[in-house]
Amino acid sequence: MGWGCAILHSAVGISACSTNRDRVQASHRTAVEPRYCSYRAPTARLTETVNRPASGKGLRTSTRMAAQPVEADIAEKTQQAELIDGKAIAQTIRKEVAAEVVKLREKYGKSPGLAVVLVGSRKDSETYVRNKKKACEEVGIESFGSTLPEDVTEEEVLKVVQGFNADPAVHGILVQLPLPKHINEQRILDAVSSKKDVDGFHPQNIGCLAMRTRDPLFICCTPKGCIELLERSGVQISGKSACVVGRSNIVGTPAAMLLQRRDATVTVVHSRTPNGQEICSKADIVIAACGKPEMITGDWIKEGAVVIDVGINAVDDPSAKRGYRLVGDVNFAEAKQKASQITPVPGGVGPMTIAMLMQNTLEGAERTLGSQK
């Protein structure tokens, strides 16, 4: 069984590298605060050798270039990866969406509309839906919703979806997952009109994403958010090697296709890959979406790689106020010692998913209203 991925369903330009002098100074700091969003490529570093005679007197020093790459001595490294601030980037996108919604309303006299279908009373699903409604209110998108009981029939859910398909005020439809076991999830998702499929799960949208000569109407929110994080952080994708850990329909597979569309050379590592660590450790860009807490350890990360951690997992922690803490699929403490840029958990990919949902809904409204002129 393939790895699952846990999702909260939830700049352009590269800065100059640090000089060797800066790196030597950095190595003497006892603590380094993470900085934000500028790429730096790995370089060789200078090391200072201290030679002590047998007598213990007459210390002398010499400076030489390290014969081994930086990876060989990570324990001595104090420079940490720069954080990719998903919260800040997502907030910027929300402001952009809000501004475009105002223009849309002025032009057509209508606002974008998003409908959310919730089945059952799962607390996590209720929280996600509540957050989506709050985001809609923030950017000026009209929110519609239908909350159905746990024991609702599949036909009743289909009827609700079809009703939103026919509603001209609704430009995007989202079915909150997971659905109860007695409902065929695929049948419900396929029933959503491809023109309102803001989740990007419809086979037509996924199929177009896979074809170089076609453009999907919508792209899955979380993978789209991953690419936005890379591009808005000034990370070059074209010509780079990328590794996607996980092959789910929701994140891994579409993320790999999006990277390939941007001319990266992409490898997908999954539960049947025998040498996943070896493959991943050679990648310039890593997107971790395997749903396994902290599975991607430091030895999976190439020196200077950019790491996007999609995972969000609750692990027991008696010292935490809630008795648990949230971690990603990447061991952050280890990976930040080798990566050039990395997303934190929480505060990385999570906020981007809802921001992309707002963006997709706006795009759906622009497309629909524009065609009615």
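As the structure is a prediction and not an experimental result, all values here were calculated from the model.

Scoring rules and cut-offs
Residues numbered from 1 in each chain as written. Predicted model: local features only at pLDDT ≥ 70, side-chain atom pairs only at ≥ 80, totals over all residues. Heavy atoms only, no water. Pairing = 2+ DSSP bridges. Helix = DSSP H or I, 4+ residues; strand = E, 2+ residues; numbered from the N terminus. pLDDT = per-residue confidence, 0-100. Contact = heavy atoms within 4.5 Å. Buried < 20%, exposed > 50% of the residue type's maximum accessible area, 1.4 Å probe, protein only.

**Things to note about the sheet that holds strand β7 (residues 241-245)**
The parallel open sheet is built from 6 strands, whose spatial order is β3-β13-β10-β9-β7-β8. Since the sheet does not close on itself, it has two edges, and those belong to β3 (82-83) and β8 (265-269), each with one partner. Of the strand pairs in this sheet, strand β10 (residues 306-309) and strand β13 (residues 341-342) are connected by 2 bridges, and their pairing is parallel. Directly across from Val306, in β13, lies its bridge partner Gln341.

**A short note on unusual backbone geometry**
The step from Leu177 to Pro178 runs through a cis peptide bond, and the omega angle for that step is 5°. Tracing the backbone through its elements, the reader meets Pro178 in the loop between β6 (172-175) and α5 (185-191). Of note, the bond from Val345 into Pro346 is cis; its omega dihedral lies within 30 degrees of zero at -5°. Within the secondary structure layout, Pro346 lies in the loop between β13 and α11 (350-371). Backbone geometry at Asp263 places phi at a positive 70°, although glycine is not the residue there.

**Things to note about the confidence of the model for the chain**
Mean pLDDT over the chain: 85, with 79% of residues reaching 70 or higher. Predicted confidence is poor over residues 5-78, with pLDDT under 50, and the contacts of this stretch with residues over four places away or in other chains come to 130 contacts.

**A look at the environment of Pro112**
Its place among the elements puts Pro112 in the loop between α2 (86-108) and β4 (113-119). A relative accessible area of 0% means that Pro112 is categorised as buried. A C-alpha to C-alpha distance of 7.3 Å links Pro112 and Val101, two positions 11 residues apart in sequence. In contact with Pro112, other than residues within four places in its own chain, are Val101, Leu104, Gly140, Ile141, Glu142, His171, Thr361, Leu362 and Ala365.

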